[in-house]
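# Breakdown of the fold
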Amino acid sequence: MADRGIQGGDGIDTFPFPVELSVGGVGMQVGPMGAGHTWHADAPLERVHRIDFHVVMLFGAGPVRHMVDFSEYEATAGDLLWIRPGQVHRFSRTGEYRGTALTMQPGFLPRSTVETTGLYRYDLPPLLRPDAAQLAGLQAALAQLRREYEDTATLPLSLHTAVLRHTLTAFLLRLAHLAASSAPALHRRTDSTFTLFRDAVERDFATNHSVSAYADALGYSRRTLVRAVRAATGETPKAFIDKRVVLEAKRLLAHTELPIGRVGAAVGFPDAANFSKFFHQHTDRTPAAFRAELR
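Residues numbered from 1 in each chain as written. Predicted model: local features only at pLDDT ≥ 70, side-chain atom pairs only at ≥ 80, totals over all residues. Heavy atoms only, no water.

### Points about the pairing of strand E6 (residues 71–75)
Both strand E5 (residues 64–68) and E6 contribute to a ladder of 5 bridges, which runs antiparallel. Pairing of Arg65 across the sheet is with Glu74, part of E6. Turn length for the E5-E6 hairpin, with the two strands adjacent in sequence and antiparallel, is 2 residues, and the turn residue Asp69 shows positive phi of about 45°. (Pairing = 2+ DSSP bridges. Helix = DSSP H or I, 4+ residues; strand = E, 2+ residues; numbered from the N terminus.)

In structure tokens:
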């Protein structure tokens, strides 16, 4: 883990991927977890923050409690925790993090690999518990990835990077299979229509809440989009959009001092009264009450 400047544009510290501190400047890092590791020397990890890259932690000891988007997860030896870009999380103040940590910069892998490995499946659980055979395969793949990552003398940089991408893909395919099999049956299958919709919502939810606008932008009929989203999630597209908006609003209410009106504006509600009504409809609490409960 690395030391790098932070950005606090929305009031939550966001840590970028430290390319300059990775071996050879490639878009990934892999190495041991341990005491004293941090993304930034002036911002302790036990404080809530975001990352703009992927983190996969394979634990060699435990238990460790780790918060991801308002849920506490307890990981122990043999468990994995997969935190995706944009998620809000916090390290435990008391747990000892031991094992191996893998970080990946968005864009390091080609689009086809991103799709195959489900890198942006925010609907999948962060905490994964492989069985003995799955764990052995993941440990072997991660160990090979670490050997390739640290070996900068055998190959020129371009080939070294290519080998890393292929080796990383092999590990992620195992990880993606575990993640998908750990999810409820309803969430195990996705198609390209839902994938494109999910990515568009993740990118534009703060400014676009319209199902028809997403359908038009993606070149699908509203009916096709409804069918694809319902098959993948059991929800309507509107419910999927609203859930993402509510999650971001909760993050900002809980972890920043932004006035409620500015929180609403940040998630697409210029009018504070409309935001409060929307938030209450989806949580049965006002924004102020939700914030008070967590302070």
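Next comes the rest of the account.
### Some details on the nonpolar core
Membership of the largest hydrophobic core comes to 31 residues, with the highest contact counts inside it found for Phe197 and Tyr214. Examining the composition of this core, we find that 8 residues originate from one element, helix H7 (residues 237–255), more than from any other. Discounting residues that sit within four places of it in the chain, Tyr214 has contacts with Phe197, Ala200, Val201, Asp204, Phe205, Asn208, Leu225 and Ile241. Formed by 28 residues, the second largest nonpolar core is a distinct cluster that contains Val56, Met104, Leu145 and Leu172. (Core = buried A, V, L, I, M, F, W, Y, C linked by side-chain atoms within 4.5 Å. Buried < 20%, exposed > 50% of the residue type's maximum accessible area, 1.4 Å probe, protein only. Contact = heavy atoms within 4.5 Å.)

### Notes on helix H9 (residues 272–283)
Taking 1.5 Å of rise per residue, 12 residues should cover 16 Å, and H9 covers 16 Å from first to last C-alpha, within 8% of that figure. Within H9 the residues assigned to the buried category are Phe275, Phe278, Phe279 and Thr283. For H9, the arc enclosing every buried residue in end-on projection is 110°, short of the 170-degree limit, so these residues lie on one face. For H9, exposure combined with an orientation more than 90 degrees from the buried face picks out Ala273, Lys277 and Gln281. (Expected span 1.5 Å × (residues − 1). Arc of directions from axis to C-beta.)

### Points about the sheet that holds strand E7 (residues 80–83)
Spatially, E2-E9-E4-E7-E10 is the arrangement adopted by the 5 strands of the open sheet, whose pairing is antiparallel. A strand with exactly one partner marks an edge of an open sheet, and here the two such strands are strand E2 (28–33) and strand E10 (127–128). Relative to E10, E7 runs antiparallel, the two sharing 2 bridges. Its bridge partner being in E10, Leu81 is matched across the sheet by Leu127. Together, E2, strand E4 (54–59), E7 and strand E9 (99–104) form the strand contacts of helix H2 (residues 132–150), whose direction differs from that of E2 by roughly 115°. Seen against the sheet, helix H3 (residues 157–182) touches E2, E4, E7, E9 and E10 and runs at an angle of roughly 105° to E7. (Axes fitted to C-alpha atoms, helices over the stretch in contact; angles between N-to-C directions.)

### Concerning the packing of aromatic side chains
Taken as a whole and judged by the stated rule, the model has 12 aromatic pairs. Geometrically, the ring pair formed by Phe59 and Tyr97 is tilted, given 6.0 Å between the ring centres and 45° between the ring planes. A residue pair is termed long-range when its members are at least 10 positions apart, and Phe59 in strand E4 and Tyr97 in the loop between strand E8 (88–90) and E9 qualify at 38 residues. The exposure class of Tyr97 is buried, given its relative accessible area of 8%. With 6.1 Å between their ring centres and 70° between their planes, Phe70 and Phe290 make a pair best called edge-to-face. In this pair, Phe70 sits in the loop between E5 and E6 while Phe290 sits in helix H10 (residues 287–293), placing the two residues 220 residues apart along the sequence. Taken together, the ring pairs connect Phe70, Phe269, Phe275, Phe278, Phe279 and Phe290 into an aromatic cluster. Over the face of the ring belonging to Trp82 we find Arg84, whose NZ or CZ atom lies 3.8 Å from the ring centre. Here Arg165 stacks its cationic end above the ring of Phe108, 4.8 Å away from the centre of that ring. (Phe/Tyr/Trp six-rings, centres within 6.5 Å; stacked < 30°, edge-to-face > 60°. Lys NZ or Arg CZ within 6 Å of the ring centre and 35° of its normal.)

### Quick notes on the sheet that holds strand E1 (residues 14–15)
With mixed pairing, the 5 strands of this open sheet are ordered in space as E1-E3-E8-E5-E6. The open sheet has two edge strands, E1 and E6, and neither has a second partner. Packed on one face of the sheet, H7 meets strand E3 (49–51), E5 and E8 and runs near 135° to E3.

### Looking at the environment of Thr161
Following the sequence through the fold, Thr161 ends up in helix H3. For Thr161, a relative accessible area of 12% translates into the label buried. Put simply, Thr161 and Tyr149 are 12 residues apart on the chain and 8.6 Å apart in space, counted from C-alpha to C-alpha. Sequence-distant contacts of Thr161, defined by excluding residues within four places in its chain, comprise Val26 and Phe108.

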